[in-house]
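Secondary and tertiary structure notes
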Amino acid sequence: MSGHNRWSKVKHKKGPADAARGKIFGKITKEIVLSVREGSSDPASNARLKRAMDAARAANMPQDNVERAIKKGTGELEGVTFEELMYEGVGPAGTLLLAKVTTDNRNRTAAEIRKLFDVRGGALGAAGSAAWAFEEKGVIALPADAATEEQLFELAVGAGAEDITNDGDEWTITTPRETLDAVRDTLEAAKLPVSRAELLFLAKNTKEVGADDATKLLALVEALEDHDDVQKVFADFEVPDDVLAALENA
């Protein structure tokens, strides 16, 4: 899949540890609140909310937490006013990064994100300095043994998917932004186990970096993702297989 970084698999494998610290629940809560405020409290008519609730289930987030977040979104419970921002920056080796943020204090968050870039060999940039290198796409993942390529091609491409790849562990389906939910719904209607379905900013072209830069970049990405206000991080670099293997086995 063009523009999809192999290092992203490391992030997904780190998920349970993040959830144990409560960070994932906090990020999902913000997404639920925003999706309800943007649309409605009914996931059947609010595709963004449905994706957020799917993420909550995948993270084993308690239903009580989900219901409280929905009530904060509708105003039934008092909640903080959040705004969504996209920070753009440059990392080691001239790589480009985006950090999707949900915050209740943009000045505080901007200062903290700037510091994370500065201390790890990067620099926070102005609007447009990195976004040009990415395009928003739908990304759907399924276990590799969930279906054959022929089955997926018939179902997914027929519903609007652009690309299907298999990396050995899972199928990854790329869609235009507009058809993500239609493709996911088609797969689920066929009783295929969708692991995740989300909107991501994928790099139009990727850079493969050496081991030293890869280590610095992964540290930067991890620091950004660990920030409470950062929902997702996107980058245009590829990690060498030997470095990725070392990280996965660490």
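Look up: the structure comes first, before these words.
This text gives an overview of the structure that appears in the document. (Residues numbered from 1 in each chain as written. Predicted model: local features only at pLDDT ≥ 70, side-chain atom pairs only at ≥ 80, totals over all residues. Heavy atoms only, no water.)

A word on the packing of helix α6 (residues 106–119) against helix α9 (residues 211–226). At a closest axis distance of 9 Å, the pairing of α6 and α9 adopts a crossing angle of 165°. Here α6 lies roughly antiparallel to α9, going by the angle between them. Crossing handedness for the pair α6 and α9: right-handed. Along its contact with α6, which presents I113, L116 and F117, the element α9 presents L220, A223 and L224. Here the residues of the contact of α6 with α9 are counted per class, giving six nonpolar, no polar and no charged. (Axes fitted to C-alpha atoms, helices over the stretch in contact; angles between N-to-C directions. Helix = DSSP H or I, 4+ residues; strand = E, 2+ residues; numbered from the N terminus. Parallel < 35°, antiparallel > 145°, perpendicular 65-115°, else oblique. Left-handed = near helix turned anticlockwise from the far one by under 90°. Contact = heavy atoms within 4.5 Å. Nonpolar A, V, L, I, M, F, W, Y, C, P; charged D, E, K, R; others polar.)

This part takes up empty space enclosed by the protein. This model, assessed by the stated rule, comprises one cavity of 30 Å³ or more. Counted as a void, the largest cavity has a volume near 40 Å³. Residue lining of the largest cavity: M53, A56, R57, M61, Q63 and V66, and that is the complete set. The set of elements that each furnish at least two residues to the lining of the largest cavity consists of α4 (47–58) and α5 (63–74). Ranked by residues supplied to the lining of the largest cavity, first place goes to α4 with three residues. Class assignment for the residues of the lining of the largest cavity results in four nonpolar, one polar and one charged. (1 Å grid on protein atoms, 1.4 Å probe; cavity = no way out; pocket = protein on both sides within 12 Å on 5 of 7 lines; lining within 4 Å. Points joined across faces, edges and corners; volume = space filled by probe spheres on them.)

Direction of pairing for strand β5 (residues 163–166) relative to strand β6 (residues 170–176): antiparallel, over a ladder of four bridges. Counterpart to T165 in the pairing with β6 is T172. (Pairing = 2+ DSSP bridges.)

This next bit is on the sheet that holds strand β7 (residues 196–203). Spatially, four strands are ordered β5-β6-β4-β7 in an open sheet, and the strand pairing comes out antiparallel. Each having just a single partner strand, β5 and β7 make up the two edges of the open sheet. Strand-to-strand twist of the sheet, defined as the mean angle between neighbouring strand axes without regard to direction, takes the value 30°. Pairing analysis gives seven bridges linking strand β4 (residues 134–143) to β6, with the strands arranged antiparallel.

If you trace the four strands from one edge of the open sheet to the other, you get β3-β1-β2-β9, paired in antiparallel fashion. Two strands bound the open sheet, and with one partner strand each, they are β3 (123–125) and β9 (230–235). The sheet shows a mean angle of 30° between the axes of neighbouring strands, taken without regard to direction. Pairing geometry for strand β1 (residues 83–90) and β3, over three bridges, is antiparallel. Pairing of V90 across the sheet is with A123, part of β3. Of the strands in this sheet, β1, β2 (96–103) and β9 are in contact with helix α3 (residues 23–38), which crosses β9 at around 100°.

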